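Listed below are the residues making up each chain.
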Protein chains: 4
Amino acid sequence: MRTPDLAAPDATLTKLGSGYLNSVKSHARLAHTANGVRKLAKNLSRATIEVDVKNIIIVTKHHDELLIYLTREVAEWLLRQKLDLDVYVDRGFQKSKRFDAAGIIHDYPAGEGRLKFWTKELTLLCPEKFDLVISLGGDGTVLYISALFQRIVPPVICFSLGSLGFLTNFKFEQFRESLQRVFDKGVKAMLRMRFTARVYKADGTFMCENQILNELVVDRGPSPFVSMLEIYGNGDLLTVAQADGVIVATPTGSTAYSLSAGGSLVHPGVSAISITPICPHTLSFRPILLPDSMTLKVKLPARSRSTAWASFDGRARVELKKGDYVMVKASLYPFPTIVASNTEFIDSVSRTLNWNVREQQKPFV
Amino acid sequence: MRTPDLAAPDATLTKLGSGYLNSVKSHARLAHTANGVRKLAKNLSRATIEVDVKNIIIVTKHHDELLIYLTREVAEWLLRQKLDLDVYVDRGFQKSKRFDAAGIIHDYPAGEGRLKFWTKELTLLCPEKFDLVISLGGDGTVLYISALFQRIVPPVICFSLGSLGFLTNFKFEQFRESLQRVFDKGVKAMLRMRFTARVYKADGTFMCENQILNELVVDRGPSPFVSMLEIYGNGDLLTVAQADGVIVATPTGSTAYSLSAGGSLVHPGVSAISITPICPHTLSFRPILLPDSMTLKVKLPARSRSTAWASFDGRARVELKKGDYVMVKASLYPFPTIVASNTEFIDSVSRTLNWNVREQQKPFV
Amino acid sequence: MRTPDLAAPDATLTKLGSGYLNSVKSHARLAHTANGVRKLAKNLSRATIEVDVKNIIIVTKHHDELLIYLTREVAEWLLRQKLDLDVYVDRGFQKSKRFDAAGIIHDYPAGEGRLKFWTKELTLLCPEKFDLVISLGGDGTVLYISALFQRIVPPVICFSLGSLGFLTNFKFEQFRESLQRVFDKGVKAMLRMRFTARVYKADGTFMCENQILNELVVDRGPSPFVSMLEIYGNGDLLTVAQADGVIVATPTGSTAYSLSAGGSLVHPGVSAISITPICPHTLSFRPILLPDSMTLKVKLPARSRSTAWASFDGRARVELKKGDYVMVKASLYPFPTIVASNTEFIDSVSRTLNWNVREQQKPFV
Amino acid sequence: MRTPDLAAPDATLTKLGSGYLNSVKSHARLAHTANGVRKLAKNLSRATIEVDVKNIIIVTKHHDELLIYLTREVAEWLLRQKLDLDVYVDRGFQKSKRFDAAGIIHDYPAGEGRLKFWTKELTLLCPEKFDLVISLGGDGTVLYISALFQRIVPPVICFSLGSLGFLTNFKFEQFRESLQRVFDKGVKAMLRMRFTARVYKADGTFMCENQILNELVVDRGPSPFVSMLEIYGNGDLLTVAQADGVIVATPTGSTAYSLSAGGSLVHPGVSAISITPICPHTLSFRPILLPDSMTLKVKLPARSRSTAWASFDGRARVELKKGDYVMVKASLYPFPTIVASNTEFIDSVSRTLNWNVREQQKPFV
């Protein structure tokens, strides 16, 4: 808690959260509060964070030689640019000839002791050590960062090496200007909702937990039989899905697998959970959006003919036996991506998906 | 402001809204605040309102004789049941033989002076006069109530005469028990988002304003030419829709026309605006959900071949000439409907739409 | 009947059609015949027509000055190129200064008496006069040609002035080479199915008839009430559509309005009728394809709340009162368009609709 | 060839198929022939087959005890009903105590020598031995019959034990009346198109062949990577599908997996091949219908990241390595199912899928 002023909103919100609303004397007051919440949500999405960057971490794919060179380029620039900065690169690069850590220090002795190496343990256990994450790669690298930071996530600036993606909204060619602006002016971050997904055995035994940036998928895997999955919201049975599977997606995930399966596009500023069936066996199983305050349960019923498989952001497939279930709810740890422009969501959707883009304005007939 | 405690959240939210978030020193704090907002939104949706009902208004369709009798039945019960209560019925019933106001007072003299008659002027100008609205009819009657109350809306209890609908979630047969429970225990209300839609001429002249519960539709009307509509979000051009029209829907409206046009189902607890094209001329114009903090503009561009038509909850068609536009944003005046059960949204969707309902559990093959 | 050989298939088909199949002694024989029919259909689609072009008609939009010049260019080339050819252009051009008929003959006296002018009466009453139709314009011009030729249609070569469309598959820039090839080598024509649509009053009175190349649409027009339409196939009630309307489309029409409403793409070589609802009020009203041997009836039932409107290829709106109906069946008069390449359907779909085209091969995540 | 008259159409069709259409002198003649083909197709679908049933085969699921009893009941009735009839039941029942073959003969000695047992070898090698197939079970049993009869298929009468399905259109309770009608009046059969699917290695080596009644599916199987599949029509590349997979379906299969993946319903009388992508990675990959005279090739390109899996009517999964491909075309051996009523397709679609069925006729709002 750095300033008393800043403490106030959180403290008040906590109080509000714990009981003040249990009994309100006036519907007008309730409406007034609802408007306040909406305004607050809006301002949250516009808030600028003054980041005092002391420790920066660069994440990239391991085995791409080009990326090693680019990581080196960024690291070297950072060390020279900002003298109070420690730069962490992948421990795997420590002995890489291509990265040539010794060469960096040799060329620039003032970097001595400030070029460091991160491991998965460090990101999992001490995420608050870092003030900024630099992502070098595609949207897949951003998902990898989400997997690394299973609790709190520092603001992430996502550089694209080729064309821009949904998440990779900064051009690598301009990394110097972009990072300088972060140091000078702070950042506006989109707090992307993540899910906390917990898998339990039929008898209630906890199995594993994952923070998810895109989606939970429960599907039939290699089984030829269709899945029958029970979906509960806050403990109530919502529906039974007979389908190849079910996708539970965040707004960020709405442009990924959920979209392929027929889901709507959802702006990351919307607080909602999408449920999209994969090849459902009823004509009427339209995708549905639920409030992100809801806790969902996806359960393979005991009467199911076969097992099912859960996967988290496309990774970590877990087999569900009869009666096993996954609990999903909005995570306490959102994923803050640094905003490049106010229209980046629509821009990315138009650019990458050709959303409503026509090559020519010729009418059909 | 009835109690200091209750004042606090609103005051704080107002302060938060006005600038405290302009510059935050820590992303962790921002995430913490975001979680607080989510929790607050959740509690808002669970809040119980202690309604001290002194003035009640009954709204129904005018020209249905059965409804006149039923209105009489409810009014009479209310007058006898709660002696400090004034009951307002449609001014049109004042001289109705079927309603027989004199007969009610004759049979129950203590009702004298407490059976009153409402007019459209009264609901428009003095909405805070009423503590509770009773809707007798179908979902159309609920839309009519939304049109009557263009500013603040008292909690609405929606009785269905036949099968339950999306909005009509209380059975008329049980009106005595349901209303008694409201008087005794207060109500839980779903604060349904409404839109404020304002129509402007090309030169910026204001034309008219409507509060919308379901959707704004801008379509080509009887014109054989497809509409070309520019859609802006917070001033930025999002896309140009070439289509028969565009539907801008609230979550409540997601089960209505938007659904017919291919939109997703959206739980009324989700704070989002749906944009769904009607018969778009691109294969890739997938429906999209935007944050309810966004201000949308739907504009008929100057280069358009023909005019377009705007309608609001299916009423009040207005012709848009070239350059005219409609501004849409979340209304300050939500529409509070009294909740009958926690799962009423899913129940209504399954019941009324056969959402994911199969007559038999036989697999396709 | 030009050759006895050619007569044989038709005569046999007629015999087959009239009763030989009423009773077959062997399922194997039936299967064998079915394979023969498929093979015949395939060969039909590959047949090359040796056109002995003596009379050619050029159709274009009237009021576009550019098109007058281009028509002049084509007509002049044709007169000079093939001396036994009569060229018909729009009667509206006869006195056009821009077209300058006298100038053409002045410059090329051998054209005297061979430059002629067509009227709607001529195309309606004497379609067999023409051996070839040249379409100059967009897909709309091709629909106009379909309207002009309500009975037999000569082969149509469709030149596009800008980018190629679904129907406009020849580039205007290459009209000389393309037409020369037609004269020298004959043509391969796609026999596009048309519908014959007949409108009847509730009491069976015949109202009007149209040959349709794209689609019949029956919709609610400016009425705010949804249409309820009964759809019959060969006299049996198939379903009752509650929707903004219903589209009955040919394969050619599958890329037009039907596609906007969610219909599948149908290759013009498929013999099928598409029924696609417009904004249906049930989640399960999936588009359906029926055999082109079926006679459909779309009827506004007597119990309907309002009238409906029928339109034919987007033209000629007719109001349907309660009980009125439209009969639709495959026309005896298909629309033969000259084929530019074997893959022109898929090419046009990919080019004009971006069908399954991605700007980049980047996976979603 | 039983009668000269019947021979004529086939012979003519064969001639027509082999070259008569290579060069036609008149487009009017071509149109005339096209109409003849349509009429012939229509009559084919109405043809009644006089079946002289001497050998009948009963197919059912093996391991369901109830089905053994029901098979016994049908077999016994058949032996007694028609003395010139041989009845084949599953070889697996020969020693079954429940079936008790000896008991049947003991109770009815005239059945001696007429109760016989079939094996897979018999159905594969001597399909013309049988004049009628009786299917006892669900739609899955019908698919099994299609697998048994890989060449010519006798007419199949499909009895449903529970509610009627898409293919199981006769009620078991009425088997006596239904079969008696077949013996007395012959049958009308729907000649359902099957596919011949052949799998080849990248180097052209033939792998295996299947007759398919519903669909070929090529999907990514357990691979986490999306499939990239090249689809060719008559040798031309139609598109490259980036998707979970691709479904190539017959009209019969249009109500199965293709429907789940978003395909249109296709009447079995339509001669078309449906291509429906499973979760495609482009917004614009709308399902497409192609003529059944087309030969399709689905190929896993050499540059693919992983293998794919082909399955045939949900059975017989085959792994495709890079460069392997499947050729699909209309089979010479359709699957004739006996027609129960003229509207059975629409009836089955409405009944089993709730196609456009509303529980109540209440409009959305």
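How each quantity is defined
- Residues numbered from 1 in each chain as written.
- Chains lettered and ligands numbered in written order.
- Predicted model: local features only at pLDDT ≥ 70, side-chain atom pairs only at ≥ 80, totals over all residues.
- Heavy atoms only, no water.
- Axes fitted to C-alpha atoms, helices over the stretch in contact; angles between N-to-C directions.
- Helix = DSSP H or I, 4+ residues; strand = E, 2+ residues; numbered from the N terminus.
- Parallel < 35°, antiparallel > 145°, perpendicular 65-115°, else oblique.
- Left-handed = near helix turned anticlockwise from the far one by under 90°.
- Contact = heavy atoms within 4.5 Å.
- Nonpolar A, V, L, I, M, F, W, Y, C, P; charged D, E, K, R; others polar.
- Domains from an automatic or database assignment.
- Buried area = accessible area lost by both parts, 1.4 Å probe.
- Salt bridge = Lys/Arg side-chain N within 4 Å of Asp/Glu carboxyl O.
- Buried < 20%, exposed > 50% of the residue type's maximum accessible area, 1.4 Å probe, protein only.
- Disulfide = S-S within 2.5 Å.
- Pairing = 2+ DSSP bridges.
- pLDDT = per-residue confidence, 0-100.
- Arc of directions from axis to C-beta.
- Phe/Tyr/Trp six-rings, centres within 6.5 Å; stacked < 30°, edge-to-face > 60°.
- Lys NZ or Arg CZ within 6 Å of the ring centre and 35° of its normal.

## Topic: the packing of helix H3 (residues 65–81) of chain D against helix H7 (residues 175–185) of chain D
All names here are of chain D. Where H3 contacts H7, the two axes come as close as 11 Å, and the packing angle between them is 40°. One element, H3, and the other, H7, form an angle in the oblique class. Pair H3 / H7 crosses with right-handed handedness. In this structure, H3 uses Glu 73, Val 74, Trp 77, Leu 78 and Gln 81 to contact H7, whose residues at the interface are Phe 175, Arg 176, Leu 179, Gln 180 and Phe 183. Taken together, the residues of the contact of H3 with H7 sort by class into six nonpolar, two polar and two charged.

## Topic: the domain arrangement of chain A
Residues and elements named next belong to chain A. As far as domains go, chain A holds domain 1 (55–192) and domain 2 (195–333). A C-alpha centroid distance of 32 Å is found between domain 1 and domain 2. On the domain 2 side, the residues contacting the eleven residues of domain 1 number 13 residues. The contact between domain 1 and domain 2 buries some 1100 Å² in all, and 62% of this surface belongs to carbon and sulfur atoms.

## Some words on the pattern of salt bridges
Residue and element names in this part refer to chain A. The tally for this structure, following the rule as stated, stands at 60 salt bridges over all chains. Between Glu 230 and Arg 303 there is a salt bridge, and its shortest N-O distance comes to 3.3 Å. Of the two residues, Glu 230 is situated in strand S13 (residues 227–233) and Arg 303 in the loop between strand S18 (296–299) and strand S19 (308–312); the sequence distance between them amounts to 73 residues. By relative accessible area, which is 54% here, Arg 303 ends up exposed.

## As for the environment of D:Phe225
Residue and element names in this part refer to chain D. Its place among the elements puts Phe 225 in the loop between strand S12 (215–219) and strand S13 (227–233). For Phe 225 and Ser 304, which are 79 residues apart along the polypeptide, the C-alpha to C-alpha distance reads 9.6 Å. Beyond its immediate stretch of four places on either side in the chain, Phe 225 contacts Arg 220, Arg 305 and Ser 306.

## Some points on the side chain of A:Lys82
Locating A:Lys82 in the fold gives a position in the loop between helix H3 (65–81) and strand S4 (86–90). Judged by relative accessible area, A:Lys82 falls into the buried class, the value being 16%.

## Concerning the state of the cysteines
A complete count under the given rule lists zero disulfides over all chains for this structure. Free cysteine: A:Cys279, not disulfide-bonded; nearest cysteine sulfur from D:Cys279 at 5.2 Å. Overall, the relative accessible area of 6% leaves D:Cys279 in the buried class.

## Topic: the pairing of strand S21 (residues 325–330) of chain B
All names here are of chain B. Note: strand S10 (residues 195–200) against S21, six bridges, orientation antiparallel. Looking across to S21, one finds that Val 199 is bridged to Val 326. Bridge count for strand S18 (residues 296–299) against S21 is four bridges, and the pairing is antiparallel. Note that in S21 the partner of Val 298 across the bridge is Val 326.

## Quick notes on unusual backbone geometry
Negative phi values dominate among residues other than glycine, just as trans dominates among peptide bonds. Phi is positive for C:Asn234, which is not a glycine, with a value near 50°. Position of C:Asn234 among the secondary structure elements: in the loop between strand S13 (227–233) and strand S14 (236–249). Located in the positive-phi region is D:Cys279, a residue other than glycine, with phi close to 45°.

## A short note on the confidence of the model for chain A
All names here are of chain A. In the predicted model, chain A carries a mean pLDDT of 87, and the fraction of residues at 70 or more is 91%. Within chain A, helix H1 (residues 4–18) has the poorest average pLDDT of any element, 48, and strand S10 (residues 195–200) the best, 98. Contacts from residues 1–8, a stretch scored under 50 in pLDDT, to residues over four places away or in other chains number nine contacts. With pLDDT under 50 throughout, residues 359–365 is counted as low confidence; its partners more than four residues away or in other chains account for 25 contacts.

## Observations regarding H7(D)
In an α-helix, one full turn covers 3.6 residues, which means residues spaced three or four apart are oriented alike. Residue and element names in this part refer to chain D. For H7, the complete set of buried residues consists of Phe 175, Ser 178, Leu 179, Val 182 and Phe 183. What you see down the axis of H7 is that its buried residues fit within an arc of 135°, all on one side. When the buried face of H7 is taken as reference, the exposed residues oriented beyond 90 degrees from it are Asp 184 and Lys 185.

## Quick word on the packing of aromatic side chains
Across all of its chains, the model carries 32 aromatic pairs over all chains by this definition. With centroids separated by 5.7 Å and ring planes inclined at 40°, the aromatic side chains of D:Phe93 and D:Phe99 adopt a geometry described as tilted. Across the pair, D:Phe99 and D:Phe93 agree in class, each one buried. Centroid distance D:Phe130 to D:Phe149: 6.2 Å. Interplanar angle 85°. Geometry classified as edge-to-face. Remark: D:Phe149 occurs in the loop between helix H6 (139–148) and strand S7 (156–160) and D:Phe130 occurs in the loop between helix H5 (120–125) and strand S6 (132–136); sequence separation between them is 19 residues. The class for D:Phe149 is buried, based on a relative accessible area of 0%. Chaining the aromatic ring pairs together yields one cluster made of A:Trp77, A:Phe172 and A:Phe175. The ring of B:Tyr325 is capped by B:Lys297, whose NZ or CZ atom sits 4.8 Å from the centre of that ring. The ring of D:Phe183 has D:Lys82 sitting right over it, with the charged end atom 5.4 Å from the ring centre.

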